Amino acid sequence: MNSKENCRNELRTAVLQLSDRCLYSASKWAAEQLVGIEHDPAKFTPSNTRFQRGSSSIRRRFRTNELTSTPVTGVSYVSTPVMEEDEAVNGDFYLLAKSYFHCREYRRAGHVLREQTGKKSDFLRCYALYLAGEKRKEEEMIELEGPLGKSYAVNRELVSLERELSALHKNGMLDSFGLYLYGLVLKEKGNENLARTVLVNSVNSYPWNWSAWLELQALCSTIDILNSLTLNNHWMKEFFLASAYQELRMHNESLAKYEHLQGIFGFSNYIQAQIAKVQYSLREFEQVEVIFEELLRIDPFRVEDMDVYSNVLYTKECFSALSYLAHRVILTDKYRPETCCIIGNYYSLKGQHEKSVMYFKRALKLNKNYLSAWTLMGHEYVEMKNIPAAVDAYRRAVDISPRDYRAWYGLGQTYEMMAMPFYALHYFRKSVFLQPNDSRLWIAMAQCYEAEQLHMVEEAIKCYGRAANCNDREAIALHKLAKLHKELGRSDEAAFYYKKDLERMEAEDREGPNMVEALMFLAQHYKARNRFEESEVYCTRLLDYTGPERETAKSLLRGMRMDRSGFPSMDVEHLPP
Amino acid sequence: MAGILRAPSAFAVTPHKVSTCILIQIYAPPAQISVPFPFSSVTQHNRLGLYLLALTKSCDDIFEPKLAELLNQLREIGGLMDQWLTNHLTNRLSALQSPDDLFNFFSEMRGILGGLDSGVVEDDQIILDPNSNLGLFLRRCILAFNLLSFEGVCHLLTNIGIYCNECFSTCPTYELQHLDDPSNEVEVLSEYENMDLENYISEKITEEIEAGITSKGVSFHLYLPKALSTLVEDIEASTNPKLEHSNKVGEHSLYTPSSSNALRNVDPRGGVFLRSNWQMQGYFMERAEAIEKHGSSFSSSAFELILRQLQKLAPELDRVHFLRYLNSLYHDDYFAALENLHCYFDYSAGTEGFDFLSPTPGTNSFGRYEIALLCLGMMHFHFGHPKQALEVFTEAVRVSQQQSNDSCLAYTLAAICNLLSEIGISSTTGMLGSSYSPMISVGTSLSVQQQLFVLLKGSLKRAESLKLKQLVAANHLAVAKFDLTHVQRPLISFGPKASMKLKTCPINVCKELRSCSRLVSAFSSEGSGLTMEGAFCTAWLKNLQKPIGSLVLSEDHGSGNNANPSQFCTQPSSIHGSLLQLVGSSYLLRATAWEMYGSAPLAQVHALVYATCFADTSSSLDATLVHVKLIQHLAIFKGYKEAFAALKIAEEKFLCISKSRILILKLQLLHERALHRGHLKLAQQVCDQLGVLASSITGVDMDLKTEASLRHARTFLAAKQFSQATAVAHSLFCMCYKFNLQVENASVLLLLAEIHMKSGNAVLGLPYALASLSFCQSFNLDLLKASATLILAELLLSLGTTHRKGALTLIHGVFPMILGHGGLELCARAYIAEAKCHLSDPSFSVSENSEVVLDPLKQASEDLQALEYHELAAEAFYLMAFVFDKLGHLEEREEAAAQFKKHIMVLENPQAVEDPLFNL
């Protein structure tokens, strides 16, 4: 349990250092993980762990891999020496600046530190200026365009900051926090390669700054870039990789990492939430729901990531649970994008699309790069039959992140709705390219090809084939494949797929017209191939159903018997009438 | 409609506009003197007025000029008073130090405007009419300022500070007004800005003015029909006249955006302001036209840079995406084009700009996505994906019908016609099969050609009823093209048939072509003035840079700046460029038509007319086409030397432009010459190169494919590999038959006849020659018919001397045609054949009528020497030697024999002459 203790000590120092530099969210994150480390039960009274203890029993229900409870072995992490603090020269000014900073008077904070030297005050001064610029940028955005318009407002401090920081960087005067800020500025300026290098330096020298990792992650748009980074083997890297994999939609890898991390950070809400998000992407809604219920019990005022929970509730059509959640978050913090999104989801579920759009718009006003809100708003517009607005919303989502397959899919669906299947194909192709293992996308594409206007059956078959190969839950693909092959007169292939479909239906205990159709076809097919025994099996099964098929089956059976009576070698008599 | 989430960018007050306001105040001060203070004469006064007008309208750039540029221009304008003007301007600008100064400034501006109702106007008084252009501009500025929130005023003030600072830091001669460092200023300003931002008024009224102006007829997508027309005129190139030296050298450099624009750094601190919406649209129009006109010579990356910048600065301008699409389209970047096209239509929903649409507000909520389909189809067509294009077009037809968008339907039909006529499709079943359109559904049982005919007629009718004049013209051209190459057959295959002569109808072609050109007169009455105005102003401003006094002198300097006067000539034309292109392509089509009908002079004349009259407006594609025609003419009538000289010039001129067409021409010429000289290996090589230029997709680049295999067969023929030659020609014939290329069939048949003749099977050749003749007759291909007749005569001659009389009659029958319109080779062959006829006649006495055979032979040998056609030349000299021998002219006989020997030697050792031109 030494590593736990190590982590705890490192994080404890890091929280202090980060909050001393006013890096609030990084410090918040570090503190959360600090508390998330599993305690040695011997040392602590039950009251300390009351919330956490109770949780694990439920959580374990879904824990597939028991190995994770044992601490990690075999990986030796580098230990980065905890940084020594600067001497307290000019400490008074620094304190004043920090107070100003706390009161969000960034320029004032920067001004106080204008004469101060030392890495720490340099950092805080630059950081304050950066934030002042950001604040001004946000204001300008609203002044110039209105919040939902695209606008071109820039942080006017970037140029001077870059100049100063690069000079400091050249002289080696930047500590890891300075490097983080420099990386941030470079990223904003669009100098991604240098930004990446600088950020890697920053996290290598001071790995506990989660904000730096996040910036770095935003610069890793492909797996190749991610793999090319040279990162020290610190345990923070695991967090980073897990998060980066999640972003690159390598869900299983990400899940493995998180579960691995749970060995140490057994009570980290953050990890729980991330696992829930990954599970959501894997469409394991039951698990997601359990995890979020748990999280809300432990941390009732949590708003982060709750939009994912609301999505699950939406999909499961839990009206009251969703309304309860919405009520809860609106009391906690009304002006959070997540809150608005949850309410939007609720109204959408209730079918009140105008109101829903209003809340999504509000969410976007609060964060205009809020990807899922754009997509969800697109869905609402589709419901409202406002096609151009829907297309516009989806397109905005795509422009923010070209890798958002949902928005591409939404675009495709919208155009398909307009009876433009060929045009829609372009978008489906995009989404399928990004998410090749999603059967829904393949099916949507196949339906486009199959549409009566296009009727490109061969292509449709190919798409359905892909869909059938990637775990098609609704079992549309097999049936369609069988049907299309039948249409094309390829009865062997059709029989193959009907049989497969039949097997599936049997396995899942489903009945219905598809079943009858499959049985009917198979009966006729095998009869035509003179494989009477198989055919008879299907015919007898058909006899269980009512309707014209039953009669057809009967006549088929009769016909076969007649045929067989023609063959003297066969014994017909033992067949039951 | 799509912009539900976005406020359209309105008319914003910028520092540049403030400067313009100051200048307007100078131009029209409230005082009441006829020539106000600083001006010394009325002309000077007017000049400033003109300048201001141009300043508010020009659309050559996306950014407003910086103060330094403005001051420079003022110096040009001001003449004697430039010092006063610039000083006044800078002083006024730098006097604007606080928000209150700005408020005062704009209320002062209001004083310049004459009241709408002030009845008493004195004679000398200068009053700025509130409804004049400048008055309107001023009013909009004042209005925009009044609508500004306090934050907005603060922004303006900061920007004015930056605007002045930039200038003063670059031109130190001016006394530096003390202005704070902009960063300090931002700090100062920020205290103003902690206030409620919610009630930021949208500049609705300004928008309305803007809308009022733009809706008058800035038709952004006017080039859509043009795109159609340029596609229409790509008729296959064959043979034609002399080269024409126009002054278009270096033109491509003229149209690439100046690098200063491209590289202008968008420093967020620097005062970079976009021009007004109206000017931007003008700029877009102008750029779009330039891209279409210059194709790939248009510098792609520089323009892309500007567009990216623009997209960053003004993300609400969706048209940027369209321009990016056009740019990538003409640079053959399929993926970027596709991406940008989709992006554009996603954002704009097709509702932007298409003013040929009937504005029915009810349907607007669905967007105009059928236009997206139309554009996508044309894109696929452009990239040579006929199948996809056809799919998209059928979808476009269906959606247009659903949305009852008639004009889009008309355009789509025209586009389909274009596709069907351009691309070889053996059958449309499974493509256009189902009942999408009542017109197409008729065609299920018809051949492609018949379907095309029905579509063409329907499309023309539709365009006429919708009064889409350009489309009507484009359709006329398409019909003409169809008539040119297709025999009309009855559409119904049963019932009593009207007796129809199976012939193309040249009169119809002429009619259609004429009705296309009539368009110009129809348009000149309408006038698309507004768009021209911006261009005119731009040109005017550009001319400022040149001092007026030295204009004459600089012209005397000669070639150095001849681009400018020519530009000056073109600018005031009131006819839209796309229209001129359309008319121009009718001339091109005329040239092609005459080429096919076999009148070399007329074809040449029309090509020349095109080259001289439409050179300015023609797209680079057409320009190359006309050059190709003229060079081919040279090659046929003057020999290779001149043709290659001309080709060199053309190559230089179209350096990077649509290289392929010039390249094809070069290969063609090289191949022909190689064949004539007997460089068979080289010929084969060139021929293969020609073949790989064609797209591998069936049905695409049919011209090139037929051309390549025709040449392939010819190469085999020259190598005396008759069976291979026959095989190639046969498969070519099958292909032509499959794709209904009747005109090509005629020449393939002729080639087959020739192959059989050369292989010694004259009897086998006869039916081919006759078939070719009948093809030529029904398509009115007179020149080809003449050469078919010649082949027929040669065939007859080789059957034996008994047929020589018939052969001679045949030759004499076509002599007028051949001598009038045929090229060197054809004439020479006719002469030789005639001589042979005479010589084979036992009753013909050489000594009596020596000139009857000698004259044509001499003529033939001269022609053939120009062509370097060794084989035939040798034959001519052989015959000459033979005749001289009979006449007893020994000296001349020896000479002819020596010539014969020389040609044979060269033919047998082709490597002796190395070829400097073959450096591909």
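Keep in mind that what you see is a predicted model, and the values were worked out from it rather than measured. (Residues numbered from 1 in each chain as written. Chains lettered and ligands numbered in written order. Predicted model: local features only at pLDDT ≥ 70, side-chain atom pairs only at ≥ 80, totals over all residues. Heavy atoms only, no water.)

Caption draft 1: Quick peek at the overall build of chain A. For chain A, the helix and strand inventory stands at 30 helices and zero strands. Buried positions account for 54% of the 577 residues belonging to chain A. Taking the intrachain contacts of chain A between residues at least 6 apart in sequence as the baseline, contacts between residues at least 24 apart amount to 57%. For chain A, the accessible surface area stands at approximately 26,500 Å², while carbon and sulfur atoms represent 52% of it. (Helix = DSSP H or I, 4+ residues; strand = E, 2+ residues; numbered from the N terminus. Buried < 20%, exposed > 50% of the residue type's maximum accessible area, 1.4 Å probe, protein only. Contact = heavy atoms within 4.5 Å. Areas by Shrake-Rupley, 256 points an atom, 1.4 Å probe, with all protein chains shown as cover.)

Caption draft 2: Quick peek at the overall build of chain B. Along its length, chain B carries 43 helices and zero strands. Partitioning the contacts of chain B with sequence separation of at least 6, the portion at a separation of at least 24 is 73%. Surface exposure of chain B reaches about 38,400 Å², of which carbon and sulfur atoms provide 57%.

Caption draft 3: How the structure looks around the UniProt feature "repeat: TPR" (unreviewed entry) in chain A. Residue and element names in this part refer to chain A. The UniProt feature table records "repeat: TPR" (unreviewed entry) at residues 337-370, 371-404 and 405-438. For residues 337-370, the end-to-end C-alpha separation is 8 Å, with 79% helix and 0% strand making up the annotated structure. Along residues 371-404, the helical share is 79% and the strand share 0%, with 8 Å between the first and last C-alpha atoms. (UniProt positions renumbered as here; feature names shortened; annotations may be inferred.)

Caption draft 4: Fine view of the confidence of the model for chain A. Residues and elements named next belong to chain A. Counting all residues, the mean pLDDT for chain A is 83, and 87% of those residues have values of 70 or more. Mean pLDDT across the elements of chain A bottoms out in helix H3 (residues 50-62) (44) and peaks in helix H18 (residues 337-349) (93). Below pLDDT 50 for its whole length, residues 46-74 participates in 36 contacts with residues either more than four positions away or in separate chains. (pLDDT = per-residue confidence, 0-100.)

Caption draft 5: Highlighting helix H24 (residues 439-450) of chain A. Residue and element names in this part refer to chain A. With twelve residues, H24 should cover 16 Å at 1.5 Å per step; its first-to-last C-alpha distance of 16 Å lies within 8% of that length. Of all twelve residues in H24, nine are buried; the element is thus mostly enclosed. Along H24, the residues classified as buried are Ser439, Leu441, Trp442, Ile443, Ala444, Met445, Ala446, Cys448 and Tyr449. Elements that come into contact with the buried residues of H24 comprise helix H22 (405-417), helix H23 (421-434), helix H25 (457-469) and helix H26 (476-487). (Expected span 1.5 Å × (residues − 1).)

Caption draft 6: Local environment of the packing of helix H17 (residues 369-382) of chain B against helix H19 (residues 406-422) of chain B. Residues and elements named next belong to chain B. Running from N to C, H17 and H19 cross one another at 15 degrees; their axes reach a closest spacing of 10 Å. If you check the angle between H17 and H19, you find them roughly parallel. As H17 packs across H19, the resulting crossing turns out to be left-handed. Every residue of H19 that contacts H17 at Glu370, Ile371, Leu374, Met378 and Phe381 is listed here: Cys408, Tyr411, Thr412, Ala415, Asn418, Leu419 and Glu422. (Axes fitted to C-alpha atoms, helices over the stretch in contact; angles between N-to-C directions. Parallel < 35°, antiparallel > 145°, perpendicular 65-115°, else oblique. Left-handed = near helix turned anticlockwise from the far one by under 90°.)

Caption draft 7: Looking closely at the packing of helix H12 (residues 235-247) of chain A against helix H14 (residues 269-281) of chain A. All names here are of chain A. Following both chains from N to C, one finds H12 and H14 inclined at 25 degrees, their axes separated by 11 Å at the closest point. When the axes of H12 and H14 are compared, the pair comes out roughly parallel. Considering only the axes of H12 and H14, their crossing is left-handed. Between H12, through Phe239, Ser243 and Gln246, and H14, the contact on the second element is made entirely by Tyr270, Ile271, Gln274, Lys277 and Val278.

Caption draft 8: A look at the nonpolar core. Residues Tyr415 and Tyr423 of chain A together with Phe345 and Met379 of chain B are the most contacted members of the largest nonpolar core, which totals 150 residues. For this core, the leading source of residues is H19 of chain B, giving eleven residues. Val200, Leu231, Val312 and Tyr347 of chain A belong to the second largest nonpolar core, which has 103 residues in total. (Core = buried A, V, L, I, M, F, W, Y, C linked by side-chain atoms within 4.5 Å.)

Caption draft 9: Looking closely at H26 of chain A. Residue and element names in this part refer to chain A. The end-to-end C-alpha distance of H26, which contains twelve residues, comes to 16 Å, matching closely the 16 Å that a straight helix rising 1.5 Å per residue would cover. Taken as a whole, H26 has its buried residues at Ala477, Leu478, His479, Leu481, Ala482, Leu484 and His485. Next to the buried residues of H26 lie H24, H25, helix H27 (491-508) and helix H28 (513-528). Remark: Gly489 follows H26 within two positions and exhibits a positive phi of approximately 80 degrees.

Caption draft 10: Representation of the pattern of salt bridges within the structure. Residues and elements named next belong to chain A. Taken as a whole, this structure holds 48 salt bridges over all chains when the rule is applied. With a closest N to O distance of 2.5 Å, Lys120 and Asp20 form a salt bridge. Highlighted residues: Lys120 in helix H6 (residues 119-144) and Asp20 in helix H1 (residues 2-20), separated in sequence by 100 residues. Each of the two residues, Lys120 as well as Asp20, counts as buried. (Salt bridge = Lys/Arg side-chain N within 4 Å of Asp/Glu carboxyl O.)

Caption draft 11: A look at unusual backbone geometry. All names here are of chain A. The phi torsion at Asp305 lies on the positive side, around 65 degrees, for a residue other than glycine. In this structure, Asp305 sits in the loop between helix H15 (285-298) and helix H16 (306-315). At Ala419, a position not held by glycine, the phi torsion is positive, near 60 degrees. Secondary-structure assignment places Ala419 in the loop between H22 and H23.

Caption draft 12: Main features of the environment of Arg504 of chain A. All names here are of chain A. Here Arg504 is to be found in helix H27. Expressed as a C-alpha distance, the spacing of Arg504 and Leu478, which sit 26 residues apart in the sequence, is 9.2 Å. When residues no more than four places from it in sequence are discounted, the contact partners of Arg504 are Asp472, Arg473, Ala475 and Leu478.

Caption draft 13: Expanded view of the packing of aromatic side chains. All chains considered together, the criterion is met by 46 aromatic pairs over all chains. On the numbers, 5.2 Å between centres and 70 degrees between planes, the contact of Phe103 of chain B with Phe145 of chain B is edge-to-face. Separated by 42 residues along the polypeptide, Phe103 of chain B in helix H5 (residues 99-112) and Phe145 of chain B in helix H6 (residues 133-147) bring together distant segments of the chain. Under the relative-accessibility criterion, Phe103 of chain B is labelled partly exposed at 39%. Lying across the ring of Tyr94 of chain A, Lys120 of chain A places its NZ or CZ 4.8 Å from the centre. (Phe/Tyr/Trp six-rings, centres within 6.5 Å; stacked < 30°, edge-to-face > 60°. Lys NZ or Arg CZ within 6 Å of the ring centre and 35° of its normal.)

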